[in-house]
Amino acid sequence: MLRLDGLNKFFGGLPALQDVCMSVPAGQLTALIGPNGAGKSTLINCMTGVLSPTSGSIRFMDQEIAGLPAHRITRLGIHRTFQNLRLFPRLSVLDNVLTGLTREGGESMFMAMLRLPYLRHRERRLRLRALEAMDQFGLADKAGWPAGVLAYGDKKRVELARAIVGRPKLLLLDEPVAGLNAEETAAVGEQLRNLRRAGHTILLVEHDMDLVMNIADLVVVLDSGCCIATGTADEVRRNPLVLEAYLGRMEATA
Ligand SMILES: Nc1ncnc2c1ncn2[C@@H]1O[C@H](COP(=O)(O)OP(=O)(O)OP(=O)(O)O)[C@@H](O)[C@H]1O
């Protein structure tokens, strides 16, 4: 579904990504891991049009998307969540999730004021979709709450519901369980597994190794901007390069 070839990104002459080649297969959950500063955020920022790669190719469903602006990439069906929450705290949970569907509104203010029956029907349909997305993350009973008053774990779930409500072809999740406790992490892990079972294609950037090893079909490892390993969780866990570059470093700091 997504294929990166020879991707490079330099910041002021310093390489953040070097000749990265990787694939995200359709219908699978691919995890992107690597130590701090490995280039994970830079990579997904290039995939989503937040950054333009210096060189190389990003093909999404047979279309070259490297360097396209973010709104065009979203329109093609790549939706994401962010490491830091980006909710509207005064809007209700429902309205926050509905912002994930803005692409599907689009009538003029004049048309909206006329309240034509077909617009009311569409509004009802979109609200129903938002409620379904919230239900998948256990948020349906909080639809009317202002997002700002929710506990941190629920806020992360609102981001996930907003990312899936537009029925993306590819879902990029940037550290969805960062800051969550063990119980909340397990719950989100189960919800991600359900999304995967429902046929979603997911690229998960995550530091939580237990979660990654439990739910990923494929694991890609970045280190110092280079892709050093790709394989199943078991293959990657046994790869000496990964042990040296990633797990070894973790053990050294433990
Ligand atoms: N806007 C920027 N300007 C200059 N250097 C940057 C910029 N963004 C990232 N870098 C550098 O690029 C490298 C990769 O950073 P990046 O944030 O992509 O790593 P990461 O794997 O996401 O790290 P973390 O796990 O800590 O989020 C780092 O050396 C970082 O300092």
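The present account deals with the structure reproduced in this document. (Residues numbered from 1 in each chain as written. Predicted model: local features only at pLDDT ≥ 70, side-chain atom pairs only at ≥ 80, totals over all residues. Heavy atoms only, no water.)

**Focus on the state of the cysteines**
Then, number 1: The tally for this structure, following the rule as stated, stands at zero disulfides.
Then, number 2: Not engaged in a disulfide, the cysteine Cys21 finds its nearest cysteine sulfur in Cys227; these two sulfurs lie 7.7 Å apart.
Then, number 3: Of the residues examined, Cys21 reaches a relative accessible area of 32% and is grouped as partly exposed. (Disulfide = S-S within 2.5 Å. Buried < 20%, exposed > 50% of the residue type's maximum accessible area, 1.4 Å probe, protein only.)

**Focus: the side chain of Lys9**
Then, number 1: With respect to the helices and strands, Lys9 occurs in strand E1 (residues 2–11).
Then, number 2: Of the side chains with opposite charge, Glu64 comes closest to the buried, unpaired Lys9, at an N-O distance of 14 Å.
Then, number 3: There is a polar contact of 2.8 Å between the side chain of Lys9 and the backbone oxygen of Ser52.
Then, number 4: Setting aside chain neighbours within four positions, we find Lys9 in contact with Leu14, Pro15, Ala16, Leu17, Thr42, Cys46, Ser52, Pro53 and Thr54. (Helix = DSSP H or I, 4+ residues; strand = E, 2+ residues; numbered from the N terminus. Lys, Arg positive; Asp, Glu negative; His and termini not counted. Salt bridge = Lys/Arg side-chain N within 4 Å of Asp/Glu carboxyl O. Polar contact = N/O pair within 3.5 Å; in protein donor to acceptor, adjacent residues only side chain to side chain. Contact = heavy atoms within 4.5 Å.)

**Remarks on the sheet that holds strand E5 (residues 63–64)**
Then, number 1: If you trace the four strands from one edge of the open sheet to the other, you get E2-E1-E4-E5, paired in antiparallel fashion. Sheet topology places strand E2 (14–24) and E5 at the edges, where each strand pairs with a single neighbour. (Pairing = 2+ DSSP bridges.)

**Considering the sheet that holds strand E8 (residues 202–205)**
Strands belonging to one sheet form pairs held by backbone hydrogen bonds; the direction of such a pair is parallel or antiparallel.
Then, number 1: What the six strands build is an open sheet, ordered E6-E7-E8-E3-E9-E10; its pairing is mixed. A strand with exactly one partner marks an edge of an open sheet, and here the two such strands are strand E6 (78–80) and strand E10 (226–231). Looking at each pair of strands side by side, their axes are set apart by 20° on average, direction ignored.
Then, number 2: Bridge count between strand E9 (residues 218–223) and E10: five bridges; the pairing is antiparallel. Residue Val219 lies in a different strand from E10, and its bridge partner there is Gly231.
Then, number 3: Where helix H7 (residues 182–197) meets the sheet, it contacts strand E3 (29–33), strand E7 (170–174) and E8, and its direction lies at approximately 155° from that of E8. (Axes fitted to C-alpha atoms, helices over the stretch in contact; angles between N-to-C directions.)

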